[in-house]
Amino acid sequence: MMAAEMPDPARKPALAQIASLLGAPIAELEAVRPGDICLVGLFEDHADGLHFGARFAARQIRYASQAERATPSAGIAPGILDLGDFNVFPLERERNRAALIRQIAALVERGAVPVIVGGAFAMGPILQQVLCRKEPGDVRHIRLPAANEPTMPSDGTHRMAVTIDMAAWQQGAPAGERPLAKLRCAIEGLPPQRIGAAHLTGLAPELDLCGRHESSLGRLVLEFLVAHLRKARA
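Below, the structure is looked at part by part. (Residues numbered from 1 in each chain as written. Predicted model: local features only at pLDDT ≥ 70, side-chain atom pairs only at ≥ 80, totals over all residues. Heavy atoms only, no water.)

**Regarding the sheet that holds strand β6 (residues 195-201)**
If you walk across this open sheet you meet the six strands as β2-β1-β3-β6-β5-β4, and the pairing is parallel. In this open sheet, the two edge strands, each paired with only one partner strand, are β2 (80-85) and β4 (139-144). Going across the sheet, the axis of each strand differs from the next one's by a mean of 15°, ignoring polarity. Against the sheet, helix α2 (residues 93-109) touches β1 (37-41), β2 and β3 (113-117), its axis set at about 145° to β3. (Pairing = 2+ DSSP bridges. Helix = DSSP H or I, 4+ residues; strand = E, 2+ residues; numbered from the N terminus. Axes fitted to C-alpha atoms, helices over the stretch in contact; angles between N-to-C directions. Contact = heavy atoms within 4.5 Å.)

Structure representation (C-alpha cells):
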C-alpha cells in the first residue's frame, strides 16, 4: 500500500478570492463612508410568479464579474463596496418590507448610495420612502425604460430613486439585439449627484452559470450605472 503524501508545510494553499459584484472589495456596514457606492444583492423572486430565478441575479453577476477579471478588485475605483446580500423574509411581506427599509436606511444615513442588484420589482417605493426620511422634500421614483421615452429628462433639482428594469429593455429590443447603447444613454441622462439609490432588476438568470448571457449583460449595465454614479464624487 502506498503511503499517503505528506503535506508540505512551506507550501501555501492557493485559495480563490470570493466572487463579488464588479470585483469590488467585500465590506461590512462599519466600513461604509459618505459617498461610497454600496452594491447589495436581493435574494428574492418577483411576486408575479413569472420571473423565477430573480433571487439568483446578484450571485450570477458576481460570477460574471469574477470571470471578467483575473484578479478581483484590480482596477476597482475606491469607494465601491460589495456588502453581500440583504437579510430578507420573502414569505412575510410586512416583516420583509420593514427589514429592507431598516437595512437600506442604515446605508443612506451613512451618506452612501445603495445599489440593489436582483430581486423584486417593487423596491422603488421603498427606496423613495427611505430617501424621504434622510432628506425630506421632492424625492421621485424614476423607472427606466420610461414610458415612450428613450431617456428620462430631469431638471436636476430633486432626489431620485432609480429602477432599471432589464426585462422591459430586453423585451422591447429586436431579436438578438442588446439595447446597451440606449440603456447607457438613459442612465447617463440622469444627474448623478441627485441619484440617492438605485435598483437593477428584471433579471432571472437561473442556471446561467458561466455568466455569458443574462448575467454578463447585467454586469455591463451595473458597470454603466456605477461609473455614472462615480461622477458625483469627482
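Moving on, there is more to tell.
**Some remarks on the nonpolar core**
The nonpolar side chains of a soluble globular protein tend to be buried, and buried together. Counting 36 residues, the largest nonpolar core has L39, L144, I164 and L222 as the members making the most contacts within it. Broken down by element, the residue count for this core peaks at seven residues, all from helix α6 (residues 214-230). Judged by nonpolar contacts, the second largest core, of 25 residues, contains L81, L83, V108 and M123. (Core = buried A, V, L, I, M, F, W, Y, C linked by side-chain atoms within 4.5 Å. Buried < 20%, exposed > 50% of the residue type's maximum accessible area, 1.4 Å probe, protein only.)

**Digging into the packing of aromatic side chains**
Per the counting criterion, the structure on display carries one aromatic pair. Taking 5.8 Å as the distance between ring centres and 75° as the angle between the ring planes, the aromatic pair formed by F43 and F56 counts as edge-to-face. With F43 in the loop between β1 and α1 (57-68) and F56 in the loop between β1 and α1, the pair connects residues that are 13 residues apart, well separated along the chain. Taking the ring centre of F89 as reference, the NZ or CZ of R95 above it sits at 3.8 Å. (Phe/Tyr/Trp six-rings, centres within 6.5 Å; stacked < 30°, edge-to-face > 60°. Lys NZ or Arg CZ within 6 Å of the ring centre and 35° of its normal.)

**Overview of helix α3 (residues 124-134)**
Considered for burial, the residues of α3 that qualify are G124, I126, L127, V130 and L131. Within α3, the buried residues cover an arc of 165° as seen down the axis, which keeps them to one side. Buried residues along α3 sit in contact with α2, β3, β4, β5 (159-165) and β6. (Arc of directions from axis to C-beta.)

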